[in-house]
Number of protein chains: 2
Amino acid sequence: MANIETFDEHPSGTLAAGDGFKLADVDPDSTPGYPGGKSDGRALLEELDGKLAALQEQLFAEAKFGGTKRVLLILQAMDTAGKGGIVAHVVGAMDPQGVQLKAFKAPTDEEKSYDFLWRIEKEVPAAGMVGVFDRSHYEDVLIHRVHGWAPPEELERRYTAINEFEARLAASGTRIVKVMLNISRDEQKARLLARLDDPSKHWKYSSSDLKERAFWDDYMAAYQAAFDKTHTEVAPWHVVPANKKWYARIAVQQLLLQAMEDLNLKWPAAEFDVALERSLVERS
Amino acid sequence: MANIETFDEHPSGTLAAGDGFKLADVDPDSTPGYPGGKSDGRALLEELDGKLAALQEQLFAEAKFGGTKRVLLILQAMDTAGKGGIVAHVVGAMDPQGVQLKAFKAPTDEEKSYDFLWRIEKEVPAAGMVGVFDRSHYEDVLIHRVHGWAPPEELERRYTAINEFEARLAASGTRIVKVMLNISRDEQKARLLARLDDPSKHWKYSSSDLKERAFWDDYMAAYQAAFDKTHTEVAPWHVVPANKKWYARIAVQQLLLQAMEDLNLKWPAAEFDVALERSLVERS
């Protein structure tokens, strides 16, 4: 890494949406902690792919021998903010065998008939896995708040239920990383226009994106409320400036790397007699 | 690709386990159709990653607009043959959002209480997805045959049931690619020893591997029977020489590429008025 620009300061601190955090103060064009530009950032992403994959393999290996550690990355964002790019380019560097990805869509009628966490619980990562939620239970306090689908008391109940749920996941070995990709309203417009101008991207465009865009400020208020209510020690929120896709990717990669480094992973010790097995294989 | 060695002849033909195919005649060290060496092969794999990912995105996009096409890659092999490497290095190049991977382990008691295809049916790829089975329903005619867990009449019933099942998948839009990674007995020994000599690989070693190794010839006979009984036009088998990992990876990549090219994928046409949406976004 001699020639690749690295972070001055780990972004987990600077990006955390803790006490006193104001979403409105974040510049979506900024690159907190990173002094380099786009080409540096791309090189760094590629350089650290292997490290991320190696940590993921150790996490997976530990679980084969009874380890209970696991990781859950929760991605939330306005449309076009780049969740898909994070999945393809950051998560995609890990072995698919160790990744448990779930994209939550609008709930089905069956899902709606249960508590909002019912469908979420079924998708939490197994031991040794890196779980990734592309949208999540937070939709139930974001779009539901914006459109008034849930009254204030119900939203309060949900924030509490989310904190209890996430604390339970953490207690069973899950390192939770919550990320909001933060693009500006102007950047979203530019990206929607870019989709419309490229026929190979028309399939990604939906006029419902435009409908939600009209509620931009309400969404920002709903995100701020979610940070205020559900940023906890075991499940912290990180707001990642995302107007620069390359920055958002290296920032999320850093958050994942740190989450896994914090787990102090080790290769499991052999539970068999290595010399004996070696001689058996030799003779086989 | 000017400087990268490509295949002389597409491997889908040379590797097919059709009429008159004899597994015993295949040299696991060979590289059918490919004149290059390891460094050429690695360069080719990387070069074609993007093409594979682009086709997968088209497949995914089509399904968003009602397309029913999908792909199912079935991987079978003796232990250490490199199924995991195919998943990590070939399948891993595609967007995780479009890949539906299932590793079938020994069946649970619940799974055993149903017909052998019950647990398989639940994991078939959704429209637009690339499904990957790491082991599959073929275990029920491989290990079951080797150890006599199913009598001959039952094995015959299963071959027939498999052909009917796969024909049904094909009829509903699934392009099926069945691959047996073919390593030699000596190569397996070398790989097992390598695992034992590297503490970071001990977690991959199991003394049960050695137990199955003792039945090598019976396994080869069971594979031959599976090819004879279940190589069909809609679900052909391919036997990929796998002593050279780099060759196995480019060969499977070629098979996947061809499967997707055969689907004649196109970007879905916009179902909205592009100019109108453009003006709405501009004003938003």
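Heads up: these notes are all about the structure in this document. From a predicted model like this one, the values you see are computed outputs, not experimental measurements. (Residues numbered from 1 in each chain as written. Chains lettered and ligands numbered in written order. Predicted model: local features only at pLDDT ≥ 70, side-chain atom pairs only at ≥ 80, totals over all residues. Heavy atoms only, no water.)

### Describing the overall build of chain A
Okay, step 1: On a plain count of helices and strands, chain A comes out with twelve helices and five strands.
Okay, step 2: Relative to a compact globule of 284 residues, whose C-alpha radius of gyration would be 19 Å, chain A shows 20 Å and is just as compact.
Okay, step 3: Along the three orthogonal principal directions, the C-alpha set of chain A runs to about 70 × 50 × 40 Å.
Okay, step 4: In chain A, buried positions account for 50% of the 284 residues.
Okay, step 5: For chain A, the share of sequence-separated contacts (at least 6 apart) that also reach a separation of at least 24 residues comes to 83%.
Okay, step 6: Taken as a whole, chain A presents about 12400 Å² of accessible surface, with 48% of it coming from carbon and sulfur. (Helix = DSSP H or I, 4+ residues; strand = E, 2+ residues; numbered from the N terminus. Rg over C-alpha atoms; globule rule 2.2 N^0.38 Å. Buried < 20%, exposed > 50% of the residue type's maximum accessible area, 1.4 Å probe, protein only. Contact = heavy atoms within 4.5 Å. Areas by Shrake-Rupley, 256 points an atom, 1.4 Å probe, with all protein chains shown as cover.)

### Section: the relation of the copies chain A and chain B
Okay, step 1: When chain A is fitted to chain B, the best match, at an RMSD of 0.0 Å, comes from turning it 180 degrees and sliding it 0.0 Å along the axis. On the angle and the small slide along the axis, the relation comes out as a two-fold axis. (Least-squares fit on C-alpha atoms with pLDDT ≥ 70 in both.)

### Comments concerning the pairing of strand S3 (residues 130-134) of chain B
Residue and element names in this part refer to chain B.
Okay, step 1: Counting buried residues in S3 gives five out of five residues, a clear majority hidden from the surface.
Okay, step 2: As defined by bridge partners, strand S1 (residues 70-77) adjoins S3 across five bridges and the pair is classed as parallel. Bridge pairing in S3 places Ile74 opposite Phe133.
Okay, step 3: Across five bridges, the pairing between strand S2 (residues 99-103) and S3 is parallel. Each bridged residue has a counterpart across the sheet, and for Lys102 the counterpart in S3 is Phe133. (Pairing = 2+ DSSP bridges.)

### A closer look at the sheet that holds S3(B)
All names here are of chain B.
Okay, step 1: Taken in spatial order, the five strands of this open sheet run S2-S3-S1-S4-S5, and their pairing is parallel. Two strands in the sheet have a free side with no partner beyond their single neighbour: S2 and strand S5 (237-241). Across the sheet, the axes of successive neighbouring strands diverge by a mean angle of 20 degrees, strand direction being ignored.
Okay, step 2: Taken together, the eight bridges between S1 and strand S4 (residues 174-182) define a ladder with parallel strand orientation. (Axes fitted to C-alpha atoms, helices over the stretch in contact; angles between N-to-C directions.)

### Considering a negative patch on the surface
Okay, step 1: Taken together, Glu46(A), Glu47(A), Glu46(B) and Glu47(B) make up a surface patch of like negative charges.
Okay, step 2: Residue placement: Glu47(A) occurs in helix H2 (residues 38-64). (Patch = residues over 30% accessible without salt bridge, like charges linked within 9 Å, V, L, I, M, F, W, Y side chains within 5 Å. Salt bridge = Lys/Arg side-chain N within 4 Å of Asp/Glu carboxyl O. Lys, Arg positive; Asp, Glu negative; His and termini not counted. Charge placed at Lys NZ, Arg CZ, Asp CG, Glu CD.)

### Overview of helix H11 (residues 245-261) of chain A
Okay, step 1: Taking 1.5 Å of rise per residue, the 17 residues of H11(A) would be expected to cover 24 Å, and the 24 Å separating its terminal C-alpha atoms lies within 8% of that figure.
Okay, step 2: Counting buried residues along H11(A), 14 of its 17 residues qualify, which places the element largely inside the surrounding structure. (Expected span 1.5 Å × (residues − 1).)

### With respect to the pattern of salt bridges
Okay, step 1: Summed over the entire model, instances satisfying the criterion amount to 37 salt bridges over all chains.
Okay, step 2: For Asp198(A), the salt bridge identified is with Lys201(A), shortest N-O distance 3.6 Å.
Okay, step 3: Taking the shortest distance from any N to any O, the salt bridge between Lys51(B) and Glu261(B) comes out at 3.0 Å. Of this pair, Lys51(B) sits in helix H2 (residues 38-64) while Glu261(B) sits in helix H11 (residues 245-261), placing them 210 residues apart in sequence.
Okay, step 4: The class of Lys51(B) is partly exposed, set by a relative accessible area of 41%.
Okay, step 5: Linked by salt bridges that have partners in common, Asp115(A), Glu154(A), Arg157(A) and Arg158(A) make up one network.

### Some details on the sheet that holds strand S4 (residues 174-182) of chain A
Residues and elements named next belong to chain A.
Okay, step 1: Pairing in this open sheet of five strands is parallel, and the strands run S2-S3-S1-S4-S5 from one edge to the other. Either end of the sheet is taken by a strand with one partner, and the two such strands are strand S2 (99-103) and strand S5 (237-241). Adjacent strand axes in the sheet meet at a mean angle of 20 degrees, parallel and antiparallel pairs treated alike.

### Observations regarding the environment of Arg158(A)
Okay, step 1: Along the polypeptide, Arg158(A) turns up in helix H7 (residues 152-171).
Okay, step 2: Arg158(A) gets classed as buried once you look at its relative accessible area, which sits at 10%.

### Description of the interface of chain A and chain B
Okay, step 1: With 41 residues of chain A in contact, the opposing surface of chain B contributes 41 residues.
Okay, step 2: For the pair chain A and chain B, the summed buried surface comes to about 3700 Å²; carbon and sulfur atoms form 66% of the total.
Okay, step 3: For the chain A face of the interface with chain B, the top three residues by lost area are Trp203(A), Val281(A) and Ser284(A), together amounting to 19%.
Okay, step 4: At the surface where chain A touches chain B, the tally comes to four salt bridges.
Okay, step 5: For Lys204(B), the salt bridge is made with Glu57(A), and the minimal N-O distance between the two is 3.9 Å.
Okay, step 6: Run the count over chain A and chain B and you get twelve residue pairs in polar contact (both at pLDDT 80 or more).
Okay, step 7: Counting residues per element, the ones that place at least two in the side of chain A that touches chain B are H2, helix H3 (83-89), helix H8 (185-197), helix H9 (207-213) and helix H12 (274-283) of chain A.
Okay, step 8: Residues that form the side of chain A that touches chain B fall into these classes: 21 nonpolar, seven polar and 13 charged. (Buried area = accessible area lost by both parts, 1.4 Å probe. Polar contact = N/O pair within 3.5 Å; in protein donor to acceptor, adjacent residues only side chain to side chain. Nonpolar A, V, L, I, M, F, W, Y, C, P; charged D, E, K, R; others polar.)

### Brief notes about the environment of Met180(B)
Okay, step 1: Mapped onto the secondary structure, Met180(B) falls in strand S4.
Okay, step 2: Separated by 141 residues in sequence, Met180(B) and Ser39(B) place their C-alpha atoms 24 Å apart.

### Some points on the packing of aromatic side chains
Describing an aromatic ring pair means giving the distance of the ring centres and the angle of the ring planes.
Okay, step 1: Applying the stated criterion across every chain, the model contains 24 aromatic pairs over all chains.
Okay, step 2: With centroids separated by 5.0 Å and ring planes inclined at 85 degrees, the aromatic side chains of Phe104(A) and Phe133(A) adopt a geometry described as edge-to-face. You can see Phe104(A) sitting in the loop between S2 and helix H4 (109-112) and its partner Phe133(A) sitting in strand S3 (residues 130-134), a full 29 residues away along the chain. The residues Phe104(A) and Phe133(A) share a single accessibility class, namely buried.
Okay, step 3: An aromatic cluster of at least three residues, connected via ring pairs, comprises Phe21(A), Tyr138(A), Tyr223(A), Phe227(A) and Trp237(A).
Okay, step 4: Stacked on the ring of Phe104(B), the Lys or Arg Lys102(B) has its end atom at 5.8 Å from the ring centre.
Okay, step 5: Looking at Lys122(B), its charged tip hangs above the ring of Trp118(B), at a distance of 3.7 Å from the centre. (Phe/Tyr/Trp six-rings, centres within 6.5 Å; stacked < 30°, edge-to-face > 60°. Lys NZ or Arg CZ within 6 Å of the ring centre and 35° of its normal.)

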